[in-house]
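# Observations on the three-dimensional arrangement
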Amino acid sequence: MTTTPSPTSQPVLRRNAAGRLEWRDPSGQWVSGVVAVRAFPIQAPRHHIALMGPDGREVAFIDSLDTLDAATRALVEQALQEREFTPVIQRLLEVSSFATPSTWTVQTDRGVTRFVLKGEEDIRRLSRDVLLIQDSHGVQYLIRRPLELDRHSRRLLDRFL
């Protein structure tokens, strides 16, 4: 069953004793092992979120996080954070070489990290204002608004674009 929450009709969620997300279906039964999944994680991260049951089927649909009450929104946001791992690069600190493979040292929203860029093809432009960089281990890093990076970061990045 798919429900679209509105200010008057919201999914009922909770964490069980094991810390797993649970959803209450329309009959009042609690379904454990629910996972929150964004349809458009980069372009519309606050919209179009599906709650998937343990069988992989959608049990509820959230059009916008902004329509949820604070407690439910916090549960959904926490569930999304647990599922997703895409650090956002805030600054490029150092690049070992302008030829690939090269080692990049960057400041992300999760701290300073170092990774290896195998080739320039591992930098993809998703839109005018979003770049996605994949390291040699398959970890993806996001750069939002590359033109707003500091001058040093832009200069290093421009060598690879």
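Check the entry above for the structure.
Throughout, residues of each chain are indexed from 1 in the direction in which the sequence is written. Totals for whole chains, interfaces and linings use every residue, but because this is a predicted model, local features are given only for residues with pLDDT of at least 70 and side-chain atom pairs only at 80 or more, for both listing and counting. With hydrogens and water set aside, each side-chain value is computed from the structure's full complement of heavy atoms.

## Structural notes on the pattern of salt bridges
We define a salt bridge as a contact between a side-chain nitrogen of Lys or Arg and a carboxyl oxygen of Asp or Glu at a distance within 4 Å. Here the structure, examined in full by the defined rule, presents nine salt bridges. Its salt-bridge partner being R14, residue E22 comes within 2.6 Å of it at the nearest N-O pair. Taking the shortest distance from any N to any O, the salt bridge between E148 and R145 comes out at 3.2 Å. Partly exposed describes any residue whose relative accessible area lies between the buried limit of under 20% and the exposed limit of over 50%, with all areas from a 1.4 Å probe on protein chains only and scaled to the type maximum. Overall, the relative accessible area of 61% leaves E148 in the exposed class. Salt bridges sharing partners connect three or more residues here, namely R46, D66 and E77.

## Focus: the pairing of strand β6 (residues 58-64)
Taking burial as the measure, the seven residues of β6 include five buried ones, the bulk of the element. Here five bridges tie strand β5 (residues 47-52) to β6, and the two strands are oriented antiparallel to one another. Considered in β6, the bridge of H47 is made with S64. Being paired, for any two strands, means DSSP has found at least two bridges between them. Segments assigned H or I by DSSP are reported as helices when at least four residues long, segments assigned E as strands when at least two residues long, and all are numbered from the N terminus. Hairpin connection of β5 to β6: five residues between the antiparallel strands, including G56 at a positive phi of 85°.

## Side note on the sheet that holds strand β2 (residues 21-24)
One open sheet holds the three strands; their spatial order is β1-β2-β3, and the pairing between them is antiparallel. Of all strands in the sheet, those with a lone pairing partner are β1 (13-15) and β3 (30-32), marking the two edges. Averaged over all pairs of adjacent strands, the angle between their axes in this sheet comes to 30°, without regard to strand direction. By definition, residues are in contact when any of their heavy atoms lie within 4.5 Å. Between N-to-C directions, angles cover 0 to 180 degrees, with each direction set by a line fitted to C-alpha atoms, over the stretch in contact for helices. Here helix α1 (residues 70-83) sits on the sheet in contact with β1 and β2, set at roughly 60° to β1.

## A look at unusual backbone geometry
With an omega dihedral of 0°, the bond running from T100 to P101 counts as a cis peptide bond. Phi is positive for H48, which is not a glycine, with a value near 55°. For H48, the location among the structural elements is in strand β5. Judged by relative accessible area, which is 29%, H48 ranks as partly exposed. Even without glycine at this site, R145 takes up a positive phi of about 55°. Along the chain, R145 falls in the loop between β12 (140-144) and α2 (151-158).

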